[in-house]
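Survey of secondary and tertiary structure
Below, each chain spelled out in residue letters.
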Amino acid sequence: ISDVAGILTAAVGLFVLAGWAFDVPLMKSVLPGLVTMKANTAACFALIGFSLWSLQIKRINKRSFRIPGRLCAAVVASIGALTLYEYLSGNNLGLDQLLFKEQAGAVFTASPGRMALITAFNFFLTGAALLSLDIKTRRGYYPSQLLAATGGFVTLSALCGYIYGVSGFYGGVSAYTAMALHTTIAFILLCFGLLFARPDKGLSGVITSSSFGGIMMRRLLWVIIAVPMVSGWLRLQGERAVLYDSQFGVTLMVIVNVVLLTVIIWWN
């Protein structure tokens, strides 16, 4: 799972870089009218995907994989940190237009070529997660998994923003660049791959175990995420179609969530 996630993440980055190189708009933004994945973002995905692939258990003991993998993770974390500094300080360090030039006035783009604030934050988290992949605290926690989970929740909020049409959740406000749709998908792959880079340790060890807790978690985790998202989307579509008012929609959504989750827990 982690191997494939690394390869797919790198492939997304290379695909978008090709879109910038040959100026193919759909390769940069998926659909017309959506924000583009910036060239820096695509390059970071290519680097961090390679890093995740290189730092798998079966490769990390080889210097030819370990050193380049960690170097790529450090570069990505540094780019994320420097972009955060650009946002917070208002200074332009020249990173944004380093690879390809983007014209002013691009959709949901505060500064041409600059990745979204939440994209930079996620790159900092995931780069740091790869650098701390085998570090364990005294209490038995793995910081890399906590960092990956944090990045995953940030990405999930952006995905909900796209599903429900709320631009504020993926950064689509005037002061910041928005996170692109395929950036969101690539981060979900990346964070998922990071969580399972060490499948027998920490939180991943619980999920992959043959214990009753592990079996229950594998069956219920995806349901807990999917059911509220789908029922929320259906409620929103009903309200937009003026089939019922907001109060009725909230009540209906709560009832559907309770019934479905109860049935699934009973089945387990």
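Please refer to the structure placed before this passage.
The following refers to the structure shown. As the structure is a prediction and not an experimental result, all values here were calculated from the model. (Residues numbered from 1 in each chain as written. Predicted model: local features only at pLDDT ≥ 70, side-chain atom pairs only at ≥ 80, totals over all residues. Heavy atoms only, no water.)

Side note on the environment of Leu 133
- Tracing the sequence through the fold places Leu 133 in the loop between helix H5 (117-131) and helix H6 (143-164).
- If we skip the residues at most four places from it in the chain, Leu 133 touches Leu 55, Tyr 142, Ser 144, Leu 194, Ala 197 and Arg 198. (Helix = DSSP H or I, 4+ residues; strand = E, 2+ residues; numbered from the N terminus. Contact = heavy atoms within 4.5 Å.)

Here's the deal with the nonpolar core
- Residues Phe 45, Leu 52, Phe 123, Leu 130 and Leu 194 are the most contacted members of the largest nonpolar core, which totals 40 residues.
- Broken down by element, this core gets its largest block of residues, seven residues, from helix H3 (residues 39-54).
- Setting aside residues no more than four positions away along its own chain, Leu 194 makes contact with Leu 52, Thr 126, Ala 129, Leu 130, Leu 133 and Ala 148. (Core = buried A, V, L, I, M, F, W, Y, C linked by side-chain atoms within 4.5 Å. Buried < 20%, exposed > 50% of the residue type's maximum accessible area, 1.4 Å probe, protein only.)

Focus: the pattern of salt bridges
- In this structure the tally under the stated criterion is nine salt bridges.
- The partner of Asp 23 in a salt bridge is Lys 28, with the nearest N and O atoms 3.1 Å apart.
- Lys 28 sits in the buried class, given a relative accessible area of 10%.
- The residue Asp 134 makes a salt bridge to Lys 201 at a minimum N-O spacing of 4.0 Å. Highlighted residues: Asp 134 in the loop between H5 and H6 and Lys 201 in the loop between helix H7 (181-195) and helix H8 (202-208), separated in sequence by 67 residues.
- Judged by its relative accessible area of 36%, Asp 134 falls in the partly exposed class.
- A relative accessible area of 27% places Lys 201 in the partly exposed class. (Salt bridge = Lys/Arg side-chain N within 4 Å of Asp/Glu carboxyl O.)

Remarks on unusual backbone geometry
- One non-glycine residue with positive phi stands out, namely Asp 23, at about 55°.
- Among the structural elements, Asp 23 can be located in the loop between helix H1 (2-22) and helix H2 (25-29).
- Even without a glycine there, the phi angle at Val 30 is positive, about 70°.
- Its place among the elements puts Val 30 in the loop between H2 and H3.

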